[in-house]
Amino acid sequence: MLDWLFMEQWSPYIAGVGIGVLCWFAFLLSDKPIGCSTAFTRSSGMIEHIIHGSKVNEKLYYKKFTPSIDWEVMLVAGIVIGAFISSMISGVFQLQWVPSTWAASFGDNFSLRLIVALIGGILLGFGSRWAGGCTSGHGISGTLQLALSSWIAFICFFASGVAAAYFIFHILGG
Amino acid sequence: MLKSLHQNKKIQLIIGLVIGIFFGFFLQKGGVTDYNIIIGQLLLTDFTVFKVMLSAVIVGMLGVYLLRSLGFAQLHPKPGSLGATVIGGLIFGIGFAVLGFCPGTVAGAVGQGFLDALFGGIVGMLIGAGLFASMYPKLQKKILNKGYFGEVTFPELLKVNPWIVVIPLAIVLIALLYWMENIGL
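The rules we used
Residues numbered from 1 in each chain as written. Chains lettered and ligands numbered in written order. Predicted model: local features only at pLDDT ≥ 70, side-chain atom pairs only at ≥ 80, totals over all residues. Heavy atoms only, no water. Helix = DSSP H or I, 4+ residues; strand = E, 2+ residues; numbered from the N terminus. Contact = heavy atoms within 4.5 Å. Lys, Arg positive; Asp, Glu negative; His and termini not counted. Charge placed at Lys NZ, Arg CZ, Asp CG, Glu CD. Buried < 20%, exposed > 50% of the residue type's maximum accessible area, 1.4 Å probe, protein only. Areas by Shrake-Rupley, 256 points an atom, 1.4 Å probe, with all protein chains shown as cover. Expected span 1.5 Å × (residues − 1). Buried area = accessible area lost by both parts, 1.4 Å probe. Salt bridge = Lys/Arg side-chain N within 4 Å of Asp/Glu carboxyl O. Polar contact = N/O pair within 3.5 Å; in protein donor to acceptor, adjacent residues only side chain to side chain. 1 Å grid on protein atoms, 1.4 Å probe; cavity = no way out; pocket = protein on both sides within 12 Å on 5 of 7 lines; lining within 4 Å. Points joined across faces, edges and corners; volume = space filled by probe spheres on them. Nonpolar A, V, L, I, M, F, W, Y, C, P; charged D, E, K, R; others polar.

Quick look at the overall build of chain A
Along the backbone of chain A there are nine helices and zero strands. When the helices and strands of chain A are listed from N to C terminus, the series reads α-α-α-α-α-α-α-α-α. Once the C-alpha set of chain A is aligned to its principal axes, its extents read approximately 45 × 45 × 35 Å. Partitioning the intrachain contacts of chain A with sequence separation of at least 6 by distance along the chain shows that 54% fall at a separation of at least 24. Treating the 8 positive side-chain charges of chain A as one cloud and the 8 negative ones as another, the clouds have centres 14 Å apart.

So this is what it looks like as structure tokens:
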């Protein structure tokens, strides 16, 4: 009866409906939209705090987003746990360095993939804070609230993502 | 009762964690914690990401606006400007394609065992977010406020009852998904 819990993959519509319902609970129980990118700002601030001490808190941006464990940091930690549980019980959890689509175009050298992922991560962390949100905060939570900023962000995320992916896989990797 | 729940910091941390666990579970089951599926979406060969996102938006929008109409929820639309939203969004998109994950799915990918997501994605995002925090005072003065349009929503812009936008948009998005299935995307 609980077979669906152990399935490798669900219909994307079922997963999407589940995420939509979670958004109700986030607004109802926490008065917050689901978002992920400020968690990285706060965590980055906390790490800087360990290295440089309390000077960090004087930075203007960290006055807006205090470097401490908040709802969103817990949410991102929860995502890691939830995906771990889901992939373990369906048997797809696997330690892996190089994804197959990448390997098909650029080979399975793990240090190349690591450097590229690191550059991508830097751009993503930088861009999401510049735009004030990510694919969850703008792309799902903001668009469902019908916010103008989020619909513009959503279009820019994918327009630029499609162009960049085309460049990477059809021009560099082609 | 809801207000005291919202103000209880310890309980909020637990609620955040629990919502996150479900979120990660759904992302993984939906397939979107997989690099191949996200890149497939950006190369327009696999529409799983759109299907997950659009169905979340339809269901989320109907429920959240209903909660709001019943007085159980408040909206929190993000402010925006051309300088912040457009430029930031375009930088984000490049990172999205280079990394192959977004900030939420990269956390899910770590949970699924993808090491490039952990040592490349998460580490890079922490560096990128830190860099932005350092550059924020300058960017704030020069770029981020250019073309500011604020926290406005479409019903507010059109000066109509929100349901006048919510219902037709839900129908259009459902029709779009139906059409995508029909043409085999």
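Brief notes about the overall build of chain B
When its secondary structure is counted, chain B shows nine helices and two strands. Counted from the first residue to the last, chain B has its helices and strands arranged as α-α-α-α-β-α-α-α-β-α-α. Reported as C-alpha extents along the three principal axes, the dimensions of chain B are approximately 50 × 45 × 40 Å. When each of the 185 residues of chain B is scored for burial, the buried share is 56%. A separation threshold of at least 6 residues defines the contact pool for chain B, and within that pool the share at least 24 residues apart is 61%. Working note: accessible area of chain B is about 8,100 Å², and carbon and sulfur atoms make up 71% of it. Across chain B, the centroid of the 12 positively charged side chains sits 17 Å from that of the 6 negatively charged ones.

Thoughts on helix H2 (residues 12-30) of chain A
Residue and element names in this part refer to chain A. The first and last C-alpha atoms of H2 sit 26 Å apart over 19 residues, in line with the 27 Å expected at 1.5 Å per residue. Along H2, the residues classified as buried are Pro12, Ala15, Gly16, Gly18, Ile19, Gly20, Leu22, Cys23, Ala26, Phe27 and Ser30. Taken from the residues just after H2, Asp31 is the one with a positive phi, measuring 55°.

Observations regarding the interface of chain A and chain B
On the side of chain B, 118 residues touch chain A, which itself brings 118 residues to the contact. Between chain A and chain B, the buried area comes to about 10,400 Å², and carbon and sulfur atoms account for 77% of it. Ranking the residues of chain A by area buried against chain B places Leu124, Trp130 and Leu146 of chain A at the top, with a combined share of 8%. Joining chain A to chain B, the criterion identifies one salt bridge. A salt bridge links Asp116 of chain B to Arg113 of chain A; the shortest N-O distance between them is 2.7 Å. Linking chain A to chain B there are 37 residue pairs in polar contact (both at pLDDT 80 or more).

Some words on the side chain of Gln12 of chain B
Locating Gln12 of chain B in the fold gives a position in helix H2 (residues 9-30). On the basis of relative accessible area, Gln12 of chain B is assigned to the buried category, the value being 6%. Look past the residues within four positions of Gln12 of chain B in its chain and what remains in contact with it is Leu29, Ser30 and Trp71 of chain A together with Leu5 and His6 of chain B.

Focus on the pattern of salt bridges
Pairing is possible between side chains that carry opposite charge, provided their charged atoms lie close to one another. All names here are of chain A. Inspection of the entire model under this criterion finds four salt bridges over all chains. Between Asp70 and Arg42 there is a salt bridge, with the nearest N and O atoms lying 3.0 Å from each other. Within this pair, whereas Asp70 is found in the loop between helix H4 (60-64) and helix H5 (71-89), its partner Arg42 is found in helix H3 (residues 37-52), the two being separated by 28 residues in sequence. Considered together, Asp70 and Arg42 belong to a single accessibility category, that of buried residues. The salt bridge involving Lys59 is made with Glu48; its shortest N-O contact spans 2.7 Å. Of this pair, Lys59 sits in the loop between H3 and H4 while Glu48 sits in helix H3, and the two are 11 residues apart along the sequence.

Notes on empty space enclosed by the protein
One pass over the full model with this rule turns up two cavities of 30 Å³ or more. The calculated volume of the largest cavity comes to roughly 140 Å³. What lines the largest cavity is a set of 14 residues, among which Ile140 of chain A together with Leu27, Met53, Cys102 and Thr105 of chain B lie closest to the centre. Those elements that place two or more of their residues in the lining of the largest cavity are H2, helix H4 (48-69) and helix H6 (103-111) of chain B. Of the residues forming the lining of the largest cavity, the biggest block, three residues, is contributed by H4 of chain B. Of the residues belonging to the lining of the largest cavity, the class tally is 10 nonpolar, four polar and no charged. For the second largest cavity, the full set of lining residues is Gly139, Thr143, Trp151 and Phe154 of chain A together with Leu54 and Val57 of chain B.

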